[in-house]
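Overview (structure and organization)
If you want the building blocks of each chain, they are given just below.
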Amino acid sequence: MNKPALYGGTPVREKKLFYGHQYLDEKDIAAVVDVLKSDYLTCGPKIAEAEEKLKAITGAKHACVVNSGTAALHIACQALGIGANDEVITTPITFAASANCVLYVGATPVFADIDEKTYNISPESIEERITEKTKAVIAVDFTGQAVDLKRIREICDRHHLYLIEDAAHSIGTLYDGVPVGNIADITTFSFHPVKTVTAGEGGAVMTNDPELAKKISLYRAHGITREEDLLERESEGGWYYEQVALGMNYRMTDIQAGLLVSQLDKLSQFKQRRSEIVKKYNAAFSGLEGVVVQEEIPQSDTCRHLYILRLDTEKLSCDRKEFFDAMNAENVCCNVHYIPVYFHPYYEKLGYKRGICPKAEALYASMMSLPLYYSMTDRDADDVIDSVKKLVAYFRK
């Protein structure tokens, strides 16, 4: 048997392969340089261009780019009037920002369990968590796969709840043929470097509601406006502006927006390549005893951000940590997405206890994220597959 490198064997590859990496070409670099040579570094024409491009891609009527996906979530909660004494339901299998944004506005996050096959938030669990205090649901498109939007929308409508779609993973994904960004009351995107497209850092807030769009734009920039229909007093002149709400400085720079515009031009090719790698992984791992492949709902035409492999620890002689360490020793660097939000010490101090979402907790204990990004070669993907198969054969009971 081929011994794992962790125990003295030869690693599958010599050079480390990381779980995610941005792809930048000469057009991206030129786009940034063009902004640096222009008259504007922030709040310039590239902001509007990025927003128009996002609207064209998603079909949404309004877009507001911001400086991070976290800022986008915060503004979404602000715009919907979520506040003290409100509850917002979300998933624990997400980055902490999906719940932190609820705390930012003084409301309470409530965690619903996941579907154990798709790993997305369970509509049934959402409904079980609804109380008279519930005001919204933040549904996260985990790994890029759209949540069951039809069922969640129906639940929200029946209980008079707002729906925020945290689409940090899912730009380019379609649900029943409709682009993500054009379905929920508000959709948020992230443009962190490991995401499908990047602005270096950044995010966006999408909506079809013109009144929400005004609030979103206002909260992005200190709550300050020059718009005549939002002024509370008569303008004193061309310099005049008013602060009419308490907003934040969440503005994106033109430098970031220039990069984002260039990256969005490549979204379809990014999606295609990621899909090719996912198909390659699925073909290799489906039916492989000792591992479990994430399932997808037929309605989701997914632009995949993460590839999650789940270990069947009943059939393996190792736990997740040992398998994870062994993969790294093969020079295939994995990650884990995510530690359940309420496991974090900050949330424990708020009173959240383990055991409230048993399916999510079981997933966390048995999963890891394999490398997946646009510039991976077929050889890179084969090395990932060979490493997994090598370790499964070694650890299989």
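We now turn to the structure provided with this report. (Residues numbered from 1 in each chain as written. Predicted model: local features only at pLDDT ≥ 70, side-chain atom pairs only at ≥ 80, totals over all residues. Heavy atoms only, no water.)

1. Topic: the side chain of threonine 187
With respect to the helices and strands, the residue threonine 187 is situated in strand β8 (residues 186–190). Accessibility expressed as a relative area gives 0% for threonine 187, which makes it buried. If near-sequence neighbours (up to four positions away) are discounted, threonine 187 is found in contact with Glu165, Ala167, Val180, Gly181, Ala204, Val205 and Met206. (Helix = DSSP H or I, 4+ residues; strand = E, 2+ residues; numbered from the N terminus. Buried < 20%, exposed > 50% of the residue type's maximum accessible area, 1.4 Å probe, protein only. Contact = heavy atoms within 4.5 Å.)

2. Comments concerning a nonpolar patch on the surface
A contiguous nonpolar surface patch, about 240 Å² in accessible area, is contributed by Leu6, Tyr7 and Tyr394. Inspection of the secondary structure puts leucine 6 in the segment before α1 (26–36). (Patch = residues over 30% accessible without salt bridge, like charges linked within 9 Å, V, L, I, M, F, W, Y side chains within 5 Å. Areas by Shrake-Rupley, 256 points an atom, 1.4 Å probe, with all protein chains shown as cover. Salt bridge = Lys/Arg side-chain N within 4 Å of Asp/Glu carboxyl O.)

3. Focus on helix α3 (residues 69–79)
By the criterion of burial, α3 is predominantly enclosed, with ten of the eleven residues buried. Where α3 is concerned, the buried positions are Gly69, Ala71, Ala72, Leu73, His74, Ile75, Ala76, Cys77, Gln78 and Ala79. The N-cap of α3, judged by a side-chain oxygen 3.4 Å from the amide nitrogen of threonine 70 a few residues on, is serine 68. Positive phi appears at glycine 81, one or two residues downstream of α3, with a value of about 75 degrees. (Polar contact = N/O pair within 3.5 Å; in protein donor to acceptor, adjacent residues only side chain to side chain.)

4. As for the nonpolar core
The nonpolar side chains of a soluble globular protein tend to be buried with one another. One finds Tyr281, Phe285, Phe323 and Leu370 to be the most contacted residues of the largest nonpolar core, which totals 54 residues. Listing elements by their share of this core, those giving two or more residues are α9 (267–285), β12 (291–293), β14 (307–311), α10 (320–329), α12 (358–366), β15 (367–370) and α13 (378–395). For this core, the leading source of residues is α13, giving seven residues. In contact with leucine 370, not counting residues within four places along its chain, are Tyr19, Tyr281, Phe285, Tyr307, Leu309, Met327, Cys334, Val384 and Val388. If you look at the next biggest cluster of nonpolar residues, it comprises 41 residues, including Val65, Ala112, Ile171 and Leu260. (Core = buried A, V, L, I, M, F, W, Y, C linked by side-chain atoms within 4.5 Å.)

5. Quick look at the sheet that holds strand β7 (residues 178–179)
Strand order across the open sheet formed by three strands is β7-β6-β13, with antiparallel pairing between neighbours. The sheet terminates laterally at β7 and β13 (300–301), the two strands that pair on one side only. The sheet contact formed by strand β6 (residues 174–175) and β7 spans two bridges and is antiparallel. If you follow tyrosine 175 over to β7, its bridge partner there is valine 178. (Pairing = 2+ DSSP bridges.)

6. Here we look at the side chain of threonine 302
With respect to the helices and strands, threonine 302 occurs in the loop between β13 and β14. A polar side-chain atom of threonine 302 sits 3.1 Å from a polar atom in the side chain of glutamate 296. A polar contact of 2.7 Å, which involves the side chain of threonine 302, links it to the side chain of serine 300. In contact with threonine 302, other than residues within four places in its own chain, are Gly144, Gln145, Thr173, Lys271, Ser275 and Glu296.

7. Considering the environment of isoleucine 126
Mapped onto the elements, isoleucine 126 comes out in helix α5 (residues 123–129). Note on isoleucine 126: relative accessible area 0%, which makes it buried. On a C-alpha basis, the gap between isoleucine 126 and lysine 55 in space is 29 Å, while along the polypeptide they are 71 residues apart.

Geometric descriptors of this kind do not, in isolation, establish any biological role.
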